[in-house]
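Fold and contact review
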Amino acid sequence: MKPGKKGLERIWYATFNSLRGLKSAWQYEAAFRQEALMCLILVPVAFYVEASLAERLLLLASLFILLITELLNSAVEAVVDRVGAEFHELSGRSKDLASAAVFFALMFMVVVWVSILFF
């Protein structure tokens, strides 16, 4: 383990690392921007629609899961691209797997929203 900050100081610096990651995702990842803008629209909708607390939390959780998955997908893509530009089967597989995770998160979000809003 590398020596580093501890306690509240570590949390303070980790927060700025996280904010830098969000800024990077916004700057370089079109899919993240699109999903984040969709979430900016849907979060207020989640509070406007008639729903129980559990349903409202599920609506919001599905949005956060999508954004979290997209951030992880972007991280995998960045690492693979860092390794090299030449095609490698494992590099392609890892990118495809991360993309599939985003697809499932998106489908989960759609199922949750449709189920709560229309059934």
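A brief look at the structure comes next. Everything numeric in this text was worked out from a predicted model, so none of it was measured.

Before going further, it helps to spend a moment on helix H3 (residues 53-83). Taking 1.5 Å of rise per residue, the 31 residues of H3 would be expected to cover 45 Å, and the 45 Å separating its terminal C-alpha atoms lies within 8% of that figure. When H3 is considered as a whole, its buried residues turn out to be Arg 56, Leu 59, Leu 60, Ser 62, Leu 63, Leu 66, Leu 67, Thr 69, Glu 70, Asn 73, Ser 74 and Val 80.

This part takes up the layout of surface pockets. By volume, the largest pocket amounts to about 200 Å³. Around the largest pocket sit Ser 18, Gly 21, Leu 22, Ser 24, Ala 25, Tyr 28, Glu 29, Leu 71, Ser 74, Ala 75 and Ala 78, which together line it. Broken down by element, the residue count for the lining of the largest pocket peaks at six residues, all from helix H1 (residues 7-28).

Applying the stated rule across the entire model yields two salt bridges. The closest approach of N and O atoms between Asp 81 and Lys 95, which form a salt bridge, is 2.6 Å. Here Asp 81, found in helix H3, pairs with Lys 95, found in helix H4 (residues 89-118); they are 14 residues apart in sequence, far enough to count as distant. On the accessibility criterion, Asp 81 (47% relative accessible area) is partly exposed. Salt-bridge contacts for Glu 89 lead to Arg 93; the nearest nitrogen and oxygen are separated by 3.0 Å.

Calculation notes
- Residues numbered from 1 in each chain as written.
- Predicted model: local features only at pLDDT ≥ 70, side-chain atom pairs only at ≥ 80, totals over all residues.
- Heavy atoms only, no water.
- Helix = DSSP H or I, 4+ residues; strand = E, 2+ residues; numbered from the N terminus.
- Expected span 1.5 Å × (residues − 1).
- Buried < 20%, exposed > 50% of the residue type's maximum accessible area, 1.4 Å probe, protein only.
- 1 Å grid on protein atoms, 1.4 Å probe; cavity = no way out; pocket = protein on both sides within 12 Å on 5 of 7 lines; lining within 4 Å.
- Points joined across faces, edges and corners; volume = space filled by probe spheres on them.
- Salt bridge = Lys/Arg side-chain N within 4 Å of Asp/Glu carboxyl O.

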